[in-house]
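# Working through the structure, step by step
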Amino acid sequence: MTRNHIHPVARHLAEHDTAARELGIEVLEARPGYARCSLTIAARHTNPHGMCHGGVLFIFADSTFGYACNSYNQMTVAQGADIDFIRPGKLGDRLTAVAEERARAGRSGIYDIAVTTESGETVALMRGRSRVVGGTIVADS
């Protein structure tokens, strides 16, 4: 996807998300309630067993979740999240995370995030719960 498919709020967030940028997370697509990101597992992402560190997978899924729920241009944070690690990510794997809104009412939302390999194997599944805390992120979205 080209950067034209990235909602202006998600683009702004990605430009200011130092942790995601330093890890190499790339926003491929984002719109209100949906985001798709990629990450190629490098040596700096691995644990002592040579697999992608679970914390890196969590940050990857959480960042994707953040782009999806904040693209409404309402400052939104995670109020909770659970992740299940299904199979290890390996050095060199190019992963994709997709966050999809399942419910949104008032200030609360529920999102499912799937992390998969290029061949479609599931690496991790996350459920994130969002909370709108007030204020806008960018003036013109």
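Data block above holds the structure.
One structure accompanies this document, and this report is about it. (Residues numbered from 1 in each chain as written. Predicted model: local features only at pLDDT ≥ 70, side-chain atom pairs only at ≥ 80, totals over all residues. Heavy atoms only, no water.)

## Overview of unusual backbone geometry
Notably, asparagine 73 is not glycine yet its phi reads approximately 65°, a positive angle. Structurally, asparagine 73 is set in the loop between helix 3 (54–70) and strand 3 (76–85). (Helix = DSSP H or I, 4+ residues; strand = E, 2+ residues; numbered from the N terminus.)

## Considerations on the packing of helix 1 (residues 8–16) against helix 3
Interaxial distance between helix 1 and helix 3 falls to 8 Å at its minimum, and their mutual angle equals 140°. By the angle between their axes, helix 1 is oblique relative to helix 3. At the point where helix 1 passes helix 3, the crossing takes the right-handed sense. On helix 3, the residues touching Val9, Ala10, Leu13 and Ala14 of helix 1 are Gly66, Tyr67 and Asn70. Tallied by class, residues from the contact of helix 1 with helix 3 come to five nonpolar, two polar and no charged. (Axes fitted to C-alpha atoms, helices over the stretch in contact; angles between N-to-C directions. Parallel < 35°, antiparallel > 145°, perpendicular 65-115°, else oblique. Left-handed = near helix turned anticlockwise from the far one by under 90°. Contact = heavy atoms within 4.5 Å. Nonpolar A, V, L, I, M, F, W, Y, C, P; charged D, E, K, R; others polar.)

## Focus: a nonpolar patch on the surface
Taken together, Met75, Val77 and Val133 make up a surface patch of nonpolar side chains, about 230 Å² in accessible area. Here valine 133 shows up in the segment after strand 6 (122–132). Overall, the relative accessible area of 45% leaves valine 133 in the partly exposed class. (Patch = residues over 30% accessible without salt bridge, like charges linked within 9 Å, V, L, I, M, F, W, Y side chains within 5 Å. Areas by Shrake-Rupley, 256 points an atom, 1.4 Å probe, with all protein chains shown as cover. Salt bridge = Lys/Arg side-chain N within 4 Å of Asp/Glu carboxyl O. Buried < 20%, exposed > 50% of the residue type's maximum accessible area, 1.4 Å probe, protein only.)

## Quick notes on the nonpolar core
Among the nonpolar cores identified, the biggest contains 30 residues, and Ile25, Phe60, Tyr67, Leu95, Ile113 and Val115 are the most heavily contacted of them. Elements that contribute at least two residues to this core include exactly helix 2 (18–23), strand 1 (26–31), strand 2 (34–40), helix 3, strand 4 (94–105), strand 5 (108–117) and strand 6. Top contributing element to this core by residue count: helix 3, with eight residues. Setting aside anything within four residues of it in sequence, one finds tyrosine 67 in contact with Ala10, Leu13, Ala14, Asp17, Ala20, Val27, Ala35 and Cys37. (Core = buried A, V, L, I, M, F, W, Y, C linked by side-chain atoms within 4.5 Å.)

## What about the pairing of strand 6?
Two elements, strand 3 and strand 6, share nine bridges in a ladder whose sense is antiparallel. In the strand pairing of strand 6, phenylalanine 85 is matched with alanine 124. Bridge count between strand 5 and strand 6: nine bridges; the pairing is antiparallel. Looking across to strand 6, one finds that valine 115 is bridged to alanine 124. In sequence, strand 5 turns back onto strand 6 through a hairpin of four residues, with glycine 120 there showing a positive phi of about 95°. (Pairing = 2+ DSSP bridges.)

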